[in-house]
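Overview (structure and organization)
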Amino acid sequence: MSFHGQKILPAVRSMKDFEKLLKMNYRYGVFLDLHIGMLKSVYQYAKQHEKKMFLHVDLIHGLKSDEYAAEYICQEIKPYGLISTKTNVITKAKQKGVLAIQRAFIIDSSAMETSVKLVEKANPDYIEVLPGVVLKVIQQLRVKTGKPIFAGGLIETAAEVEEAIAAGASAITTSNVELWKRFEPEQSLIR
């Protein structure tokens, strides 16, 4: 299983890494740690290079992560999708027709129960599970919610990528450029 033919969703933390992504065959990626003043320009640049980028709303510097920020981003920036831990952001993204990814940190059984309830309430398109190396969590959350899973966090090797995919993850979000290279699609995945 993969996300539009990609096992990896490259997670960009710096402009240097964004430049690397632009030269690769990936079609989809994730922006992390952006300053509000950079949003429009990096999205214009991504679109010029036919990259469809998710945006982690909780990690935008200078913008509060709430439904108003989500509405602004959806209307003005028009990202491919939004990622957040907050249900009001997920709900707003869905209302605006933008893919919504609920980020869930599963540290114990209580966090699992809470995450399932939040997913039921917000109805995201995908769930990003952290840490992504806990295969049991990927399997359980997929079964309990019926939602496709992205796995992220602490995945450091090609074997861990393959194990998470085998456990039911649709893709792995990672800022590890070596894993980007290892799993780069052979050709651009245009969709």
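To continue, consider the pairing of strand E4 (residues 81-84). If a strand is regular, its side chains alternate between the two faces of the sheet. Neither face of E4 is left uncovered, since the one carrying Gly81 and Ile83 and the one carrying Leu82 and Ser84 both have all their residues buried. Across three bridges, the pairing between strand E3 (residues 52-56) and E4 is parallel. When the bridges of E4 are listed, Phe54 appears paired with Gly81. A crossover links E3 with its parallel partner E4, the connecting element being helix H3 (residues 67-77), and its sense is right-handed. Two strands pair when backbone bridges link them, and E4 and strand E5 (residues 99-105) are joined in this way by four bridges, in the parallel orientation. If you follow Ser84 over to E5, its bridge partner there is Gln102. Note on the crossover from E4 through helix H4 (residues 87-95) to E5: the handedness is right-handed.

At a minimum axis distance of 11 Å, the contact between helix H1 (residues 15-22) and helix H2 (residues 39-48) shows a crossing angle of 15°. Compared by their axis directions, H1 and H2 come out roughly parallel. For the element pair H1 and H2, the recorded crossing hand is right-handed. Residue-level inspection shows Met15, Phe18, Glu19 and Leu22 of H1 in contact with H2, the latter providing Val42, Tyr45 and Ala46. The residue inventory of the contact of H1 with H2, partitioned by class, reads six nonpolar, no polar and one charged.

This part is about H1. The complete set of buried residues in H1 reads Asp17, Phe18, Leu21 and Leu22. Buried residues of H1, viewed axially, fall in a sector of 145°; they line one side. Packed against the buried residues of H1 are strand E1 (8-12), strand E2 (28-31), H2, E3 and helix H8 (177-182).

This brings us to the nonpolar core. Ile8, Phe31, Leu55, Leu82, Val161, Ile172 and Trp180 are the most contacted members of the largest nonpolar core, which has 51 residues in total. Among residues more than four places away in sequence, those in contact with Phe31 are Val12, Phe18, Val42, Tyr43, Met53, Phe54, Leu55 and His56. With twelve residues, the next largest nonpolar core counts Val30, Leu32, Ile101 and Ala171 among its residues.

This part takes up H4. Since the α-helix packs 3.6 residues into each turn, any two residues three or four apart lie on the same face. Residues of H4 that are buried: Thr87, Val89, Ile90, Lys92 and Ala93. Of the surrounding secondary structure, the elements contacted by the buried residues of H4 are H3, E4, E5 and helix H5 (109-122). Following H4 by one or two positions, Gly97 has its phi on the positive side, about 75°.

This paragraph deals with the pattern of salt bridges. Summed over the entire model, instances satisfying the criterion amount to nine salt bridges. Among the salt bridges present, the one from Lys20 reaches Asp17, with a minimum N-O distance of 3.6 Å. Of this pair, Lys20 and Asp17 both sit in helix H1, separated by three residues, roughly a single helical turn. Here Asp17 falls in the buried class, since its relative accessible area comes to 13%. With a shortest N-O distance of 3.9 Å, Arg27 and Glu50 are connected by a salt bridge. Of the two residues, Arg27 sits in the loop between H1 and E2 while Glu50 sits in the loop between H2 and E3, which places them 23 residues apart along the sequence. For Glu50, a relative accessible area of 45% gives the class partly exposed.

Criteria and thresholds
- The residue numbers shown here count from 1 along each chain, following its written sequence.
- Reporting of local features is limited, given that this is a predicted model, to residues whose pLDDT is at least 70; pairs of side-chain atoms are given and counted only at 80 or more, and all residues count toward the totals for whole chains, interfaces and linings.
- Just so you know, side-chain values use all the structure's heavy atoms and leave hydrogens and water out.
- Only protein chains enter the accessibility calculation, which uses a 1.4 Å probe; a residue is then buried when its area is under 20% of its type maximum, exposed when over 50%, and partly exposed in between.
- Numbering of helices and strands starts at the N terminus; helices are DSSP runs of H or I of at least 4 residues and strands are runs of E of at least 2.
- Note on pairing: two strands pair once DSSP finds at least 2 bridges between them.
- When the strands point away from the viewer and the connection leading from the first strand across the helix to the second strand turns clockwise, the crossover is called right-handed.
- Each axis is a line fitted through C-alpha atoms, and for a helix only the stretch in contact is used; angles between axes span 0 to 180 degrees, taken between their N-to-C directions.
- Here the word oblique covers every angle except those under 35 degrees (roughly parallel), over 145 (roughly antiparallel) and from 65 to 115 (roughly perpendicular).
- Each helix crossing is assigned a hand: it is left-handed if the near helix lies turned anticlockwise from the far helix by less than a right angle, otherwise right-handed if that turn is clockwise.
- Contacts: residue pairs with any heavy atoms within 4.5 Å of one another.
- Throughout this entry, Asp, Glu, Lys and Arg are counted as charged residues, while Ala, Val, Leu, Ile, Met, Phe, Trp, Tyr, Cys and Pro are counted as nonpolar. The remaining residues, Gly among them, count as polar.
- Note that the arc is computed from the directions linking the helix axis to the C-beta atoms.
- Here, the term nonpolar core denotes a set of buried Ala, Val, Leu, Ile, Met, Phe, Trp, Tyr and Cys residues that are joined through side-chain atoms within 4.5 Å.
- Between Lys or Arg on one side and Asp or Glu on the other, a salt bridge is scored when a side-chain nitrogen of the former is within 4 Å of a carboxyl oxygen of the latter.

In short, shape yes, function no, at least from these values alone.
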